[in-house]
Amino acid sequence: MGMNEHARSGAAVKPLVSLRGVNKSFGAQQVLFDVDLDVAPGEVVVVIGPSGSGKSTLCRCINRLETIDSGEIRLAGERLPQEGWALAAMRAQIGMVFQSFNLFSHRTVLENVAMGPRKVLRRSRTEAETHARRLLARVGLAHKADAAPAELSGGQQQRVALARALAMSPKVMLFDEPTSALDPEMVSEVLAVMLELAQSGMTMVVVTHEMGFARQAADRIVFMDCGRIVEVADPQSFFAAPSSERARDFLSSILHH
């Protein structure tokens, strides 16, 4: 599941996302320390750790919503451009789903999903809307195409946001705690779509508190604490026997509540 056979056989697969020596501070506070991470094509990497460990910042640095102080980030071998058109073009290849859905409230669900392909990829209205309807069906919302975002539940809005990100045919999808703002009964409907996406071979980096999803969907778990990657392991090893004391403490604190 997830990682392709090349990656398993040990053949050299070029990483789709690569971070080397990434450091990031906000003012005097350093939030990322020398982070190295490679994400292979088709791999699902789930980033977990306590609040304030740098997980969300890491995610936001990958598409340059946050600039880094030192180190480098590459997408498909290319360094992330600093700014301008080159950055916009590369960012269009990175889908992002946040805690908040950020849908355009004055546009229909269909228009929300079709807008990026029309404006950025210059698709015709017909082509963009046909593609958008397919994606809405995939996230279980074909029947809501003409609704306004305000008419939807939080879980439905987040699924529209997911379809909107997928509409750009991204090379990689980033998820920054996509279910943390949702009511508990809506969490599973969003995770179900994400699990289907993970199983379809999409390259994904997911920051989440949902351990069930991490266990089910991840090819690798990245455990962060205090701005550093402390441990990287496959889900089975990680949840059964994490090698670091900090990961053990973290798991016992969340699993015993």
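Within each chain, residue numbers correspond to sequence positions counted from 1 in written order. Two thresholds apply to this predicted model, a pLDDT of at least 70 for residue-level local features and 80 or more for giving and counting side-chain atom pairs, whereas whole-chain, interface and lining totals are computed over all residues. As a convention, hydrogens and water are excluded, and side-chain values are obtained from all of the structure's heavy atoms.

1. A look at the nonpolar core
What counts here: Note on terminology: a nonpolar core comprises buried Ala, Val, Leu, Ile, Met, Phe, Trp, Tyr and Cys residues joined through side-chain atoms within 4.5 Å. Here's how the labels work: a residue is buried when its accessible area is under 20% of the maximum for its type, exposed when over 50%, partly exposed in between, all with a 1.4 Å probe on protein chains only. By the criteria applied, helices consist of DSSP H or I runs no shorter than four residues and strands consist of E runs no shorter than two, each listed in order from the N terminus.
Formed by 54 residues in total, the largest nonpolar core has its most connected members in Met173 and Met204. Sorting elements by how many residues they give to this core places helix 7 (residues 184-199) first, with nine residues. Grouped together as the second largest cluster of nonpolar side chains are 26 residues, Val22, Val35, Cys59 and Met96 included.

2. Concerning the environment of Gly71
Tracing the backbone through its elements, the reader meets Gly71 in strand 4 (residues 70-75). Residue Gly71 is classed as partly exposed on the basis of its relative accessible area of 37%.

3. Details of the pairing of strand 4
Test applied: By definition, two strands form a pair when at least two bridges between them are found by DSSP.
Pairing of strand 1 (residues 17-26) with strand 4, which is carried by five bridges, proceeds in the antiparallel orientation. Residue pairing across strands places Ser18 opposite Arg74, the latter belonging to strand 4. Pairing between strand 4 and strand 5 (residues 78-79): two bridges, direction antiparallel. Each bridged residue has a counterpart across the sheet, and for Arg74 the counterpart in strand 5 is Arg79. Connecting strand 4 to the next strand, strand 5, in antiparallel fashion are two residues, including Ala76 with a positive phi near 50 degrees.

4. Comments concerning the environment of Gly54
Stated precisely, the cut-off is as follows: Note on contacts: a residue pair qualifies if any of its non-hydrogen atoms lie within 4.5 Å across the two residues.
Mapping Gly54 onto the fold places it in the loop between strand 3 (44-48) and helix 2 (55-62). With 77 residues separating them in the primary sequence, Gly54 and His131 have C-alpha atoms 35 Å apart. When neighbours within four sequence positions are excluded, Gly54 is seen to be in contact with Val31, Leu32 and Met224.

5. Some details on unusual backbone geometry
At Asn102, a position not held by glycine, the phi torsion is positive, near 50 degrees. Given the relative accessible area of 45%, Asn102 is considered partly exposed. Look at Cys226: it is not a glycine, yet its phi comes out positive at around 50 degrees. Here Cys226 is to be found in the loop between strand 9 (220-225) and strand 10 (228-233).

6. Topic: the sheet that holds strand 1
This is how the line gets drawn: Lines fitted to C-alpha atoms define the axes here, with helix axes fitted over just the stretch in contact, and angles between the N-to-C directions of these axes take values from 0 to 180 degrees.
Across the sheet, four strands lie side by side as 2-1-4-5; this open sheet has antiparallel pairing. The open sheet has two edge strands, strand 2 (29-39) and strand 5, and neither has a second partner. Helix 2 rests against strand 1, strand 2 and strand 4 of the sheet, and its axis sits at about 60 degrees to strand 2.

7. Overview of the packing of helix 4 (residues 109-119) against helix 6 (residues 154-166)
Filter applied, for reference: For classification purposes, an angle smaller than 35 degrees is called roughly parallel, one larger than 145 roughly antiparallel, one from 65 to 115 roughly perpendicular, and anything else oblique. Two helices that cross are described as forming a left-handed crossing if the nearer one is turned anticlockwise from the farther one by less than a right angle, and a right-handed crossing if clockwise. For this scheme, ten residues count as nonpolar: Ala, Val, Leu, Ile, Met, Phe, Trp, Tyr, Cys and Pro. Four count as charged, namely Asp, Glu, Lys and Arg, and the remainder, Gly too, count as polar.
Between helix 4 and helix 6, whose axes approach to 7 Å, the crossing angle comes to 25 degrees. With respect to helix 6, the element helix 4 is oriented roughly parallel. Handedness of the helix 4/helix 6 crossing: right-handed. Listed contacts from helix 6 to Val109, Asn112 and Val113 of helix 4 are Val160, Ala163 and Arg164. In terms of residue class, the contact of helix 4 with helix 6 is built from four nonpolar, one polar and one charged.

8. A look at the UniProt feature "domain: ABC transporter" (unreviewed entry) in the chain
The cut-off we apply is this: UniProt positions are given in the numbering used here, feature names are shortened, and annotations may be inferred rather than shown by experiment.
Those residues carrying the UniProt feature "domain: ABC transporter" (unreviewed entry) are residues 17-251 in this numbering. Secondary structure over residues 17-251 splits into 38% helix and 26% strand, and the C-alpha atoms at its two ends are 27 Å apart.

9. Focus on the pairing of strand 8 (residues 203-207)
Operational definition: Whether a crossover is right-handed depends on one test, that the path from the first strand over the helix to the second runs clockwise when the strands point away from the viewer.
Of all five residues that make up strand 8, five are buried, and the element is covered over most of its length. Here strand 8 shows no split at all, with Thr203, Val205 and Val207 on one side and Met204 and Val206 on the other all buried. Bridge analysis of strand 3 against strand 8 gives four bridges, and the strand direction is parallel. Each bridged residue has a counterpart across the sheet, and for Val45 the counterpart in strand 8 is Val205. Bridging between strand 7 (residues 172-176) and strand 8 involves five bridges; their strand directions are parallel. Each residue of the ladder has a partner; that of Val172, found in strand 8, is Thr203. Traced from strand 7 through helix 7 to strand 8, the parallel crossover comes out right-handed.

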